[in-house]
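Descriptive structure summary
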Amino acid sequence: MARHVQFDEIGGPEVLTVRQVEVRAPGPGEALIRVEAIGLNRAEVMFRSGGYFLQPAFPSGLGAEAAGVVEELGPDVTGFAPGDRVGVVPAFPQNVYGTYGDRVIVPAHALVPAPAGLDPVSGAAVWMAYLTAYGALAEDSPVRPGDHVLITAASSSVGLAAIQTARHLGAVPIATTRGEAKRKALLDAGAEQVIVTDEEDLPARVAEITGGRGVRLAFDPVAGPGVNTLARAIAPGGRLVVYGRLDPRPTPLPNADEYPALSTRTYTLFEVTSDPERLRRGVAFVTAGLRSGSLAPVVDRTFDLADIAEAHRYMEANTHIGKIVVTVEA
């Protein structure tokens, strides 16, 4: 038997329950993992509440990121062995597999070797955030050393990873946050400058910081009408990358009536994790950054698996800075 978090209806955190379930043997291309820690992501809140692009099939599990140990491998799985310490990266639909549990089945293509010396809590906080930042800033990006990068909603785990990744690439990160309360934490995390958008004019501040040049890239999980404001802060030839939809309102083509000299694209982590070669490069990039110390996951708070509903409430309060991690006792 294993403990799994499941829910039977769309709703708030209160629908999440921890249950005893039978765990089958891994099939072809699958692995059974003994989970030690789970990284929480905004997509799981959206999935639980019915706002995700996939809908749950009840009773439903959830979760896409974890750190743990390989317990058993399915037929034809190579490259790993029982006892290996691994990370699970988001590379599968939540309505098919999930990581919220103490022993879970996941597809073997979602496993990556755990970097040496990385504890389980840090291991559960690494892969989603840093591979997301890697794909946009390093794998497919016009960013060059010395360029400015604008990172919105920067107190999230991806935002903090993007700050560190930009610095690792020699770029200059400018972070945004809605309120003053998170300014110091973002500066301490490595942001060169912080713009408080509820109090400051973003394009004017970007122009002041960059000497009128604008940013080479804006990395944005918010979308919605605010992309028009972001476009006014991007240098000619720069790029807007939208990787989320925190604002549910329609997202226009930025300043289309002015035809700005910028490119716009949407982006998801799955572009990296669904491509074995891109994933290999991303893992190498992140592992090297962890080894050098230029990349270091920020964990805001940990919760026990039994307190999963409270962990979701905490995420929805939007007061955290960095990753929320759920620990799993053996």
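Scroll up to find the structure.
For the structure given in this document, a descriptive report is provided here. Because the structure is predicted, anything quoted here is derived from the model rather than measured.

Okay, the nonpolar core next. Grouped together as the largest cluster of nonpolar side chains are 81 residues, with contacts concentrated most on I33, L40, L111 and F219. For this core, the element with the most residues is helix α2 (residues 120-139), which contributes 10 residues. Aside from chain neighbours lying at most four places away, what touches L40 is Y100, I308, A311, H312, M315, K323, I324 and V326. Of all hydrophobic cores here, the second largest spans 17 residues; its members include L150, A231, A233 and I234.

Pairing in this open sheet of 6 strands is parallel, and the strands run β10-β9-β8-β11-β12-β13 from one edge to the other. Whereas interior strands pair on both sides, the edge strands pair on one side only; in this sheet they are β10 (193-196) and β13 (262-266). Averaged over all pairs of adjacent strands, the angle between strand axes in this sheet comes to 15 degrees, irrespective of strand direction. Across 5 bridges, strand β11 (residues 215-220) lies against strand β12 (residues 234-242) in parallel orientation. Bridge pairing in β12 links A218 to L240. Contacting β8 (148-151), β11 and β12, α2 crosses the sheet at an angle of about 150 degrees to β11. Relative to the sheet, helix α5 (residues 202-209) contacts β8, β9 (172-177), β10 and β11, its axis offset from that of β10 by approximately 160 degrees.

This brings us to the environment of E192. Position of E192 among the secondary structure elements: in the loop between α4 (183-188) and β10. Given the relative accessible area of 43%, E192 is considered partly exposed. Residues E192 and D275 lie 83 residues apart in sequence; the distance between their C-alpha atoms is 33 Å. Not counting the four nearest positions on each side in its chain, E192 is found in contact with R167, V172, P173 and L187. Polar side-chain contacts of E192 include one of 3.4 Å to the side chain of R167.

Turning next to unusual backbone geometry. Cis geometry marks the peptide bond from F58 to P59; its omega dihedral reads -5 degrees. Looking at the secondary structure, you find P59 in the loop between α1 (42-49) and β4 (66-73). Look at D76: it is not a glycine, yet its phi comes out positive at around 70 degrees. Relative to the helices and strands, D76 is located in the loop between β4 and β5 (85-88). Take D76: its relative accessible area is 75%, and that puts it in the exposed class. In this structure, N318 is a non-glycine residue whose phi angle is positive, near 60 degrees. Relative accessible area serves as the criterion here: at 42%, N318 is assigned to the partly exposed category.

About the criteria used
Residues numbered from 1 in each chain as written. Predicted model: local features only at pLDDT ≥ 70, side-chain atom pairs only at ≥ 80, totals over all residues. Heavy atoms only, no water. Core = buried A, V, L, I, M, F, W, Y, C linked by side-chain atoms within 4.5 Å. Buried < 20%, exposed > 50% of the residue type's maximum accessible area, 1.4 Å probe, protein only. Helix = DSSP H or I, 4+ residues; strand = E, 2+ residues; numbered from the N terminus. Contact = heavy atoms within 4.5 Å. Pairing = 2+ DSSP bridges. Axes fitted to C-alpha atoms, helices over the stretch in contact; angles between N-to-C directions. Polar contact = N/O pair within 3.5 Å; in protein donor to acceptor, adjacent residues only side chain to side chain.

Without other data, these values stay purely geometric and don't point to any function.
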